[in-house]
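Listed below, chain by chain, are the residues.
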Amino acid sequence: MRVPDDKNEIINFQKIAKNINPDPGDIPAIPGLDIYGETISLFGDVSGDHIIYIDFVKRFNIDDRINQAEKESSIEVSSKLKLLKNKAAILLSDVSGHSITDSLLNAMLHQAFLVGASYELSIYGEITIDLFERINQRFYQSSAIDKFITLIYGEIENNGDFRFISAAHPLPLIFSNEFNRIVSKT
């Protein structure tokens, strides 16, 4: 049996971590809004901080989902999915620490969230708070006692309304053109 080379394993993990980080083209484009965010890691692509951009139309094929919901006579699901055509979402997470293990937890969160979001969109036509409750329970049961993840998930509409939930994460900073300053919503 061949023992893995630790250096190659770290390089492989860095490649995986790089692939879950958003590219500049992943930032959703909503007319009239500028969206920006980034994480700056201490050790290349490996980090305890993470960001996921969600352009619902591109990432989740909203038009196909709307058509499927209408074929199944799921009017409520179809109506909610149509609302997502004018929205984008952002998920920020922060694992306690900056090690490879912390980056692994973020990679796990990344996949759990996107898979869960896909199912929720098919079933409910929206991402619900229940998804975050389930993810929280799962991570609590499976990660080390000395590790924790904070996150904030928010959806922004093309009219500028921003709704979010926070799981022990600091509130977002929002710059308002109307007031020409940073404002925060609670």
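That block above? That's the structure.
Residues numbered from 1 in each chain as written. Predicted model: local features only at pLDDT ≥ 70, side-chain atom pairs only at ≥ 80, totals over all residues. Heavy atoms only, no water.

A. Structural detail: the packing of aromatic side chains. Going through the model one piece at a time under the given rule, you end up with five aromatic pairs. Measuring from centroid to centroid gives 5.6 Å for Phe-113 and Tyr-153, while their planes differ by 50 degrees, and the two rings are tilted. A residue pair is termed long-range when its members are at least 10 positions apart, and Phe-113 in helix H5 (residues 100–124) and Tyr-153 in strand S3 (residues 149–157) qualify at 40 residues. There is no split in this pair, since Phe-113 and Tyr-153 are both buried. Linked through ring pairs, Phe-113, Phe-132 and Tyr-153 together constitute an aromatic cluster. (Phe/Tyr/Trp six-rings, centres within 6.5 Å; stacked < 30°, edge-to-face > 60°. Helix = DSSP H or I, 4+ residues; strand = E, 2+ residues; numbered from the N terminus. Buried < 20%, exposed > 50% of the residue type's maximum accessible area, 1.4 Å probe, protein only.)

B. The arrangement of the environment of His-50 in detail. Relative to the helices and strands, His-50 resides in strand S1 (residues 49–55). A relative accessible area of 2% places His-50 in the buried class. There is a polar contact of 2.8 Å between the side chain of His-50 and the side chain of His-110. (Polar contact = N/O pair within 3.5 Å; in protein donor to acceptor, adjacent residues only side chain to side chain.)

C. Broad picture of the packing of H5 against helix H6 (residues 129–142). Interhelical geometry of H5 versus H6 gives an angle of 145 degrees and a closest axis separation of 10 Å. The interaxial crossing formed by H5 with H6 has right-handed handedness. Here Leu-105, Met-108, Leu-109, Ala-112, Phe-113, Gly-116, Ala-117 and Glu-120 of H5 lie close against H6, whose contacting residues are Asp-130, Leu-131, Phe-132, Arg-134, Ile-135 and Phe-139. (Axes fitted to C-alpha atoms, helices over the stretch in contact; angles between N-to-C directions. Left-handed = near helix turned anticlockwise from the far one by under 90°. Contact = heavy atoms within 4.5 Å.)

D. Main features of helix H4 (residues 75–83). Three or more residues of H4 are buried, namely Val-77, Ser-78 and Leu-81. Projected down its long axis, H4 carries its buried residues within an arc of 100 degrees, all on one side. Seen from the buried face of H4, the exposed residues on the opposite side, beyond 90 degrees, are Ile-75, Glu-76 and Leu-83. At its buried positions, H4 is contacted by helix H3 (62–71) and H5. (Arc of directions from axis to C-beta.)

E. Geometry of the pattern of salt bridges. Scanning the entire structure with this criterion turns up six salt bridges. Salt-bridge contacts for Glu-70 lead to Lys-82; the nearest nitrogen and oxygen are separated by 3.1 Å. Of this pair, Glu-70 sits in helix H3 while Lys-82 is found in helix H4, placing the two residues twelve residues apart along the sequence. In this structure, a network of salt bridges that share partners links the residues Glu-76, Lys-80 and Glu-126. (Salt bridge = Lys/Arg side-chain N within 4 Å of Asp/Glu carboxyl O.)

Honestly, it's all geometry; don't read function into it.
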